[in-house]
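Chain by chain, the residues:
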Amino acid sequence: MLIRGDNFIKQDFSITILRKRLLAIILAVTFLFLFVLGRLLYVQVIWGEDLQQKAIDQWTREIPIIASRGKIVDTNGVILANNDDTYTVFVRKNAVNDLQFLASALSKCLELDYEFIYSRLTKTISSEITIKKQVSKEKISKLLDLNLSGVYYSRDNSRVYPYNEFLTSVLGFTSTDGKGQSGLELYYDKYLSGINGEILYETDIVGVEINDGKASYRPATNGLNLKLTIDYNVQQLCETAMQEAMEVHQAKSAQIIVMDPNSGAIRGMASKPSFNLNEIPRDDLEALNKLGRNGIVCDIYEPGSTFKVLTAAANIEEYLQGNNKAFSINHVYNSSRYRYIDGQKVKCWSDHKNGKHAGLTLQGALNNSCNPIFVDIAMSLGKQTMYKYIDLFNYGATTGIDFSGETQGMVLPIWAVQNVDLARIAFGQTIAVSALQLASATCAAINGGNYYSPYLVSEIYADNGIIAEKIEPQLKNKVISSRASKILNEMLEKVVSEGSGKQAYIEGYSVAGKTGTAQKYQNGIIAQGKYVSSFVGYFPASNPKYLALVVIDEPVGQYYGSTVAAPYAKQVFEGIIDLNNIKPM
């Protein structure tokens, strides 16, 4: 019985082992099946698109169709940036029988070195070789007449600027590949660029085009166009005036910005020196960066007395609000040339001899640009109140203009400001601003108290005229009341008719403004003989339509803003009056 029992045990054990082996085989087969099925699904579903693309690449060759870059036009439709019909020439050497003959033909037609082309054809591993970009129609016609095998052509972007050295630092420029590199070309590149298309040709395994093969076509979508707030005619006046200022005063630079105070729209913006946009100095990066930089937006300077507009506005508004720290409009100030703040002497530009600057009110202080009076105002209002207006007028912050690289300026943090710093800030020292900041802030002070963000583009539209986006004026905040703004306007008008701004006066037209002359600093000390001369003005004073800020850096000889900068604002205003046939008031 024991022996028989042992046999049964042995049989059961064998069956168990057999079942385990069978289960293992079934599991292995199932795993293999699932693996193959998973791989098949991966290849067909996940990897399928990539494999399909590889197959297309292997059996087809594409000719790119470059989208036409969008145009840039002024507010009246004058074309400022356009495209020329040029082409890229490239070779698929698998389809070429005689590389030496081809290199010779290409070198003659394209005016390129033979050895350069032959080296490209023989040493480049890629099957598709770019020979030259931006080839003219005439040269392409010569190549077409030769009917060269393996040579292909595609249209590319050759940016053309019809007016050469015009609006250079604003428009900016593109790379050789047609991508925006600076200015509006860079800021709005995603709209201007468009979407490229292509033509696909069937080829054999080595890339030779099949004679009876089919071709498929995917059209390009052209870029959108920009309509600027810039007025070509106003811009021409600005370009001429700044070129003249550079030559007459042998200045380091000359800049002007013309704005609509009631919207923030920029009508003109010119910087000199500059360069011809059709002859970009790409081989001299230092010159390119220096001349192509839009200093009006990106650079800062101590504004000097043009900043007194803010100090005056702050005092007028605080006086109207009943703040007893503010001086009345008719308050007569101390006629001393000096103010002593924290043991430091702050003086006026004038010597105050023979009763000069005696008995001055705020009007007289603006007319004569008397520094000590604005020191009195700032010290009376105090740091908190002055900084409230610095913030309201958007100093120390970007304006929000549609342009890359805008500076915030330099404003001392309120906790770091000493009394002597505040005294100097009152008349435009110990603070640095951009020309754009100062122009925009002045617009707000004199348009009724409304701060509008400056802007350069008013519309983005397609070739068929459909508007993709319309940019409206953006009201940022209220800076002062309309009553305070009206009083300030009346005072600034007298600065031009009676005071330091007389050289901007135009008979029969109510021009208003403020002059500014600021010493420059190098290595923390005053640079002798180096000044920034400026003038900010507008007209008509009672209902401003045009505001202009002129900034002349390091003029030689005369350096006061009243004599160096103000005449060029007048020149531009007179041009605007003639263009628009504005009648005397």
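Quick notes on the rules
- The residue numbering used here restarts from 1 in each chain and proceeds along that chain's sequence as written.
- In keeping with the predicted nature of the model, local features appear solely for residues at pLDDT of at least 70, side-chain atom pairs appear and are counted solely at 80 or more, and the whole-chain, interface and lining totals rest on all residues.
- Side-chain descriptors were evaluated using all non-hydrogen atoms of the structure, hydrogens and water having been removed beforehand.
- Only DSSP runs of H or I covering at least 4 residues are called helices, and only runs of E covering at least 2 are called strands; the numbering of each starts at the N terminus.
- Any pair of residues with heavy atoms lying within 4.5 Å of one another is described as a contacting pair.
- Here, Shrake-Rupley sampling with a 1.4 Å probe gives the accessible areas, and only protein chains in the shown set may cover a residue.
- Planes of paired rings set the category: under 30 degrees apart is stacked, over 60 is edge-to-face and the rest tilted, where pairs are Phe, Tyr or Trp rings (Trp by its six-membered ring) whose centres lie within 6.5 Å.
- Throughout, exposure labels follow a simple rule: accessible area from a 1.4 Å probe, protein chains only, divided by the maximum for the residue type, with under 20% read as buried, over 50% as exposed, and the rest as partly exposed.
- In this scheme, strands are said to pair when DSSP sees at least two bridges between them.
- Between the N-to-C directions of two axes lies an angle of 0 to 180 degrees, each axis being a line fitted to C-alpha atoms and, for a helix, fitted only over the stretch in contact.
- By nonpolar core we mean a set of buried residues, namely Ala, Val, Leu, Ile, Met, Phe, Trp, Tyr and Cys, connected to one another through side-chain atoms within 4.5 Å.
- Grouping into patches uses exposed residues only, defined as over 30% relative accessible area, and leaves out salt-bridged ones; the cut-off is 9 Å for like charges and 5 Å for nonpolar side chains (Val, Leu, Ile, Met, Phe, Trp, Tyr).
- One side-chain nitrogen of Lys or Arg within 4 Å of one carboxyl oxygen of Asp or Glu is enough to make a salt bridge.
- The predictor attaches a confidence to each residue, and that confidence, scored 0 to 100, is pLDDT.
- Two cysteine sulfurs form a disulfide in these notes if their separation is within 2.5 Å.
- Each angle is binned into one of four classes, with values under 35 degrees roughly parallel, values over 145 roughly antiparallel, values of 65 to 115 roughly perpendicular, and all other values oblique.
- Working rule for handedness: look at the near helix, and if it is turned counterclockwise from the far one by less than a right angle, call the crossing left-handed; if clockwise, right-handed.
- Side-chain classes follow a simple rule in which Ala, Val, Leu, Ile, Met, Phe, Trp, Tyr, Cys and Pro form the nonpolar group, Asp, Glu, Lys and Arg form the charged group, and the remainder, Gly included, forms the polar group.
- To obtain the arc, one takes the directions from the helix axis to the C-beta atoms.

1. Considering the overall build of the protein
Right, so step 1: Check the secondary structure of the protein and you find 20 helices and 19 strands.
Right, so step 2: In the protein, the share of contacts with a sequence separation of at least 24, taken over all contacts with a separation of at least 6, comes to 72%.
Right, so step 3: Of the roughly 28,500 Å² of accessible surface on the protein, a fraction of 52% belongs to carbon and sulfur atoms.

2. Some thoughts on the packing of aromatic side chains
Two aromatic rings, taken as a pair, are described by how far apart their centres are and by the angle between their planes.
Right, so step 1: This model, assessed by the stated rule, comprises 15 aromatic pairs.
Right, so step 2: Aromatic pair Tyr114 and Tyr118: ring centres 5.9 Å apart, planes at 10 degrees, arrangement stacked. Here Tyr114 pairs with Tyr118, and both are found in helix H4 (residues 114–123), just 4 residues apart, close to one helical turn.
Right, so step 3: By relative accessible area, Tyr114 is classed as partly exposed at 28%.
Right, so step 4: A ring pair is formed by Tyr188 and Tyr191, whose centres lie 6.1 Å apart and whose planes are at 45 degrees; its orientation type is tilted.
Right, so step 5: You can call Tyr188 buried: its relative accessible area is 6%.

3. What about the side chain of Arg69?
Right, so step 1: Topologically, Arg69 is positioned in the loop between strand S1 (60–65) and strand S2 (72–73).
Right, so step 2: Those residues in contact with Arg69 that lie beyond four places of it in its chain are Asn83, Asn157, Arg159, Thr174, Gly178, Lys179, Gly180, Glu185, Asp189, Leu192 and Ser193.

4. Describing the sheet that holds strand S19 (residues 546–553)
Right, so step 1: Spatial ordering of the open sheet is given by S10-S9-S19-S18-S17, a layout of 5 strands whose pairing is antiparallel. Each end of this open sheet is capped by a strand with a single partner; those strands are strand S10 (266–272) and strand S17 (512–522). Here the strands of the sheet are splayed against their neighbours by 10 degrees on average, with no regard to which way each runs.
Right, so step 2: Where strand S9 (residues 253–259) and S10 come together, 6 bridges link them in antiparallel fashion. Of the residues in S10, the one forming a bridge with Ile257 is Met269.
Right, so step 3: Running at roughly 25 degrees to S10, helix H9 (residues 232–249) makes contact with S9, S10 and S19 of the sheet.

5. A look at the nonpolar core
Right, so step 1: Counting 93 residues, the largest nonpolar core has Leu228 and Phe393 as the members making the most contacts within it.
Right, so step 2: Top element by residues in this core is helix H17 (residues 435–446). It accounts for 9 residues.
Right, so step 3: Grouped together as the second largest cluster of nonpolar side chains are 31 residues, Ala245, Val496, Tyr546 and Ala548 included.

6. Comments concerning a nonpolar patch on the surface
Right, so step 1: On the surface, a cluster of nonpolar side chains totalling about 470 Å² of accessible area is made up of Phe31, Leu32, Phe35 and Val36.
Right, so step 2: Considering the arrangement of structural elements, one finds Phe35 in helix H1 (residues 2–46).
Right, so step 3: What makes Phe35 exposed here is its relative accessible area of 53%.

7. Considerations on unusual backbone geometry
Right, so step 1: A cis amide bond links Lys272 to the next residue, Pro273, at an omega of 5 degrees.
Right, so step 2: Within the element layout of this structure, Pro273 appears in the loop between S10 and helix H10 (285–292).
Right, so step 3: Here the bond from Phe539 into Pro540 is cis, since omega is -15 degrees, no more than 30 degrees from zero.
Right, so step 4: Positioned with a positive phi, Asn147 is a non-glycine residue whose angle comes to about 50 degrees.

8. Quick word on the pattern of salt bridges
Right, so step 1: On inspection of all chains with the given rule, the structure shows 18 salt bridges.
Right, so step 2: Measuring nitrogen to oxygen at the nearest pair gives 2.4 Å for the salt bridge that ties Asp177 to Lys133. Linking Asp177 in the loop between helix H6 (168–171) and helix H7 (183–187) with Lys133 in strand S4 (residues 128–135), this pair joins segments that are 44 residues apart in sequence.
Right, so step 3: Across the salt bridge formed by Glu165 and Lys272, the nearest N and O atoms sit 3.4 Å from each other. Placement of the pair is Glu165 in the loop between strand S5 (151–160) and H6 and Lys272 in strand S10, with a sequence separation of 107 residues.
Right, so step 4: On the accessibility criterion, Glu165 (32% relative accessible area) is partly exposed.
Right, so step 5: Lys272 sits in the buried class, given a relative accessible area of 4%.

9. Things to note about the pairing of S10
Right, so step 1: Summarising burial for S10: 6 of the 7 residues are buried, a large majority.
Right, so step 2: The hairpin formed by S9 and S10 contains 6 residues between the paired strands, and Gly264 there has a positive phi angle of roughly 90 degrees.

10. Quick look at the pairing of strand S12 (residues 344–347)
Right, so step 1: Where strand S11 (residues 338–341) and S12 come together, 4 bridges link them in antiparallel fashion. Paired with Tyr338 across the strands is Lys347, a residue of S12.
Right, so step 2: Hairpin connection of S11 to S12: 2 residues between the antiparallel strands, including Asp342 at a positive phi of 55 degrees.

11. Section: the confidence of the model for the protein
Residues shown with low pLDDT carry predicted positions that ought not to be read at fine detail.
Right, so step 1: When pLDDT is averaged along the protein, the result is 88; 90% of the residues meet or exceed 70.
Right, so step 2: Here residues 54–60 is a poorly scored stretch, pLDDT under 50, and it has 13 contacts once near neighbours within four places are set aside; other chains count.

12. Re the state of the cysteines
Right, so step 1: What the rule picks out here adds up to 0 disulfides.
Right, so step 2: In this structure Cys370 is not part of a disulfide, and its nearest cysteine sulfur, from Cys348, lies 4.0 Å away.

13. Overview of the packing of helix H12 (residues 308–320) against helix H14 (residues 371–381)
Think of two packed helices as two axes; the pair is described by the angle between the axes and how far apart they sit.
Right, so step 1: Between H12 and H14, whose axes approach to 10 Å, the crossing angle comes to 50 degrees. Relative to H14, the element H12 lies oblique. Crossing angle aside, the handedness with which H12 passes H14 is left-handed. In contact with Lys308, Thr311, Ala312, Ala314, Asn315 and Glu318 of H12, H14 contributes Asn371, Phe374, Ile377 and Leu381.
Right, so step 2: Of the residues that constitute the contact of H12 with H14, the class distribution is 5 nonpolar, 3 polar and 2 charged.

14. Thoughts on the side chain of Thr515
Right, so step 1: Tracing the backbone through its elements, the reader meets Thr515 in strand S17.
Right, so step 2: In this structure, Thr515 is in contact with Ser305, Thr306, Ser500, Gly501, Ser534, Phe535, Gly561 and Ser562, ignoring residues within four places of it in sequence.

15. With respect to helix H5 (residues 137–146)
Side chains that are three or four residues apart share a direction in an α-helix, a result of its 3.6 residues per turn.
Right, so step 1: Taken together, the buried positions of H5 are occupied by Lys139, Ile140 and Leu143. Mapping the buried residues of H5 onto a view down its axis gives an arc of 100 degrees, with all of them on the same face. Exposed residues on H5 whose side chains face more than 90 degrees from its buried face are Glu138 and Asp145.
Right, so step 2: Taken together, the buried residues of H5 touch strand S3 (79–92), helix H3 (99–110), S4 and S5.
Right, so step 3: Just past H5, the residue Asn147 takes up positive phi, approximately 50 degrees.

16. A short note on helix H15 (residues 383–392)
Right, so step 1: For H15, every residue scored as buried is listed here: Thr385, Met386, Tyr387, Tyr389 and Ile390.
Right, so step 2: Of the surrounding elements, those touching the buried residues of H15 are H12, H14 and helix H16 (419–425).
Right, so step 3: One or two residues past the end of H15 sits Asn394, with phi positive at roughly 70 degrees.

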